Amino acid sequence: MQVDGDRYRKVSGQAKRFDLSERTFRPFLKQGLKHIRLPSGTILIKDQWADEFFAKFEVVVEEAAKVDGIVHEVLKGLVR
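Residues numbered from 1 in each chain as written. Predicted model: local features only at pLDDT ≥ 70, side-chain atom pairs only at ≥ 80, totals over all residues. Heavy atoms only, no water.

Novice: Help me get a handle on the side chain of Lys46, residues and values and all.
Specialist: Within the secondary structure, Lys46 is located in strand 4 (residues 43-46). Classification of Lys46 as buried rests on a relative accessible area of 12%. Apart from residues lying up to four places away in sequence, Lys46 is in contact with Asp6, Arg7, Tyr8 and Gln14. (Helix = DSSP H or I, 4+ residues; strand = E, 2+ residues; numbered from the N terminus. Buried < 20%, exposed > 50% of the residue type's maximum accessible area, 1.4 Å probe, protein only. Contact = heavy atoms within 4.5 Å.)

Below, the structure written as structure tokens:
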């Protein structure tokens with residue numbers, strides 16, 4: 001569904017968009033993913049809201065490299 005150029009999708013549509021199951025996606029609603037619940041019970045989520053929500057989970061490559069380095073050092077210490 002589009003309103004004023006904004007795309008709204010049901011939970012199933014957003015889950016597919018992020019390659020997740022509905023069961024995996026639904027808890028994000030309780031974690032603060034902005035959504036609209038219609039009187040019929042249908043939940044609609046604007047693409048922009050989902051994009052902004054999931055951007056908070058972005059891992060920067062530098063941070064990932066730091067974590068890998070820490071894990072490597074810890075494991076190296078355990079092998080001795």
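Novice: Any details on the nonpolar core? Residues and values, ideally.
Specialist: Within the largest apolar cluster, 11 residues are counted, these being Val11, Ala15, Phe25, Phe28, Leu29, Leu33, Ile43, Ile45, Ala50, Phe53 and Phe54. Of all the elements in the fold, those that place two or more residues in this core are helix 1 (11-17), helix 3 (27-30), strand 4 and helix 4 (47-55). Of the residues forming this core, the biggest block, three residues, is contributed by helix 4. With near-sequence residues (within four places) excluded, Phe54 lies in contact with Phe18, Leu20, Phe25 and Phe28. (Core = buried A, V, L, I, M, F, W, Y, C linked by side-chain atoms within 4.5 Å.)

Novice: I'd like a description of the packing of aromatic side chains, backed by residues and values.
Specialist: Within the structure shown, the criterion is met by 10 aromatic pairs. Look at Tyr8 and Trp49: their rings are 5.8 Å apart centre to centre, the planes differ by 85°, and that puts the pair in the edge-to-face class. Remark: Trp49 occurs in helix 4 and Tyr8 occurs in strand 2 (residues 6-10); sequence separation between them is 41 residues. We classify Tyr8 as buried; its relative accessible area is 13%. (Phe/Tyr/Trp six-rings, centres within 6.5 Å; stacked < 30°, edge-to-face > 60°.)

Novice: Tell me about the pairing of strand 4, and please be specific about residues and values.
Specialist: Side chains of strand 4 alternate between two faces, with Ile43 and Ile45 and Leu44 and Lys46 buried alike. Note: strand 2 against strand 4, three bridges, orientation antiparallel. Paired with Tyr8 across the bridge in strand 4 is Lys46. Relative to strand 4, strand 3 (residues 36-37) runs antiparallel, the two being bridged by two bridges. Opposite Arg37, over in strand 4, you have Ile43 as the bridge partner. Count of turn residues in the strand 3/strand 4 antiparallel hairpin: five residues, of which Gly41 carries a positive phi of about 100°. (Pairing = 2+ DSSP bridges.)

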